[in-house]
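Listed below are the residues making up each chain.
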Amino acid sequence: RMDMPFCTQFWSEYASIPNAIGLVSLGTILAIPSFGDEAQKNYDWAEDAIPLVFMITSLWQMIASSWGAKELLASSGTVPYWTALEKWATIQYFYRKGYVPTHKGWDNDVYQLGKADNDEQSLFDTIEEYRKTNLDKSHVASTSMDFKKDTRGCAKYCKDLCSTPKE
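Residues numbered from 1 in each chain as written. Predicted model: local features only at pLDDT ≥ 70, side-chain atom pairs only at ≥ 80, totals over all residues. Heavy atoms only, no water.

### Here's the deal with helix α5 (residues 79-96)
Right, on to step 1. For α5, spanning 18 residues, the distance from its first C-alpha to its last is 26 Å, which sits close to the expected 26 Å at 1.5 Å a residue.
Right, on to step 2. Every buried residue of α5 is accounted for by V79, W82, T83, A84, K87 and T90.
Right, on to step 3. Just downstream of α5 lies G98, where phi reads positive at about 100 degrees. (Helix = DSSP H or I, 4+ residues; strand = E, 2+ residues; numbered from the N terminus. Expected span 1.5 Å × (residues − 1). Buried < 20%, exposed > 50% of the residue type's maximum accessible area, 1.4 Å probe, protein only.)

Next up, the structure:
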């Protein structure tokens, strides 16, 4: 969900709300006969609505699933995706070993994700170099920083990734 537009992030998490409304409506329609004969007379149209509610709910589920899969596949391999993935993997690895960075550690990029000491390459630079030399050229061309210009600059982006989250 990193670097996603608000609308994409919102619907990726809350796409089930319209589906839930449809399924609750379907359950209510199916329960009408249990309310008694008087209620069933007032809602005689309800039986006709069952296929319609079911089709609308199914259609929404198919549309939302297809859109979500498209967005997921489109983001895979992009700079924000693989840098966030590597940051997450690094943090999880050290967390399992018992190391958790402090706020000062985040500010100083303790894991050397975006900047390294002693003229060495940072983790992100090493991965970018590997991607350019070892991955399929067509994949790299469509997901590299050259394909979509990073207007913030890679150094600023990496610094933002490694800074302390604002509370």
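Next comes the rest of the description.
### Quick notes on a nonpolar patch on the surface
Right, on to step 1. A contiguous nonpolar surface patch, about 610 Å² in accessible area, is contributed by F6, F10, W11, Y14, I17 and I21.
Right, on to step 2. For the nonpolar patch, the elements supplying multiple residues, two or more each, are α1 (6-14) and α2 (16-31).
Right, on to step 3. Here the element with the most residues in the nonpolar patch is α1; it accounts for four residues.
Right, on to step 4. One can find F6 in helix α1.
Right, on to step 5. A residue is classified by how much of its surface remains accessible, and F6, at 65% relative accessible area, is exposed. (Patch = residues over 30% accessible without salt bridge, like charges linked within 9 Å, V, L, I, M, F, W, Y side chains within 5 Å. Areas by Shrake-Rupley, 256 points an atom, 1.4 Å probe, with all protein chains shown as cover. Salt bridge = Lys/Arg side-chain N within 4 Å of Asp/Glu carboxyl O.)

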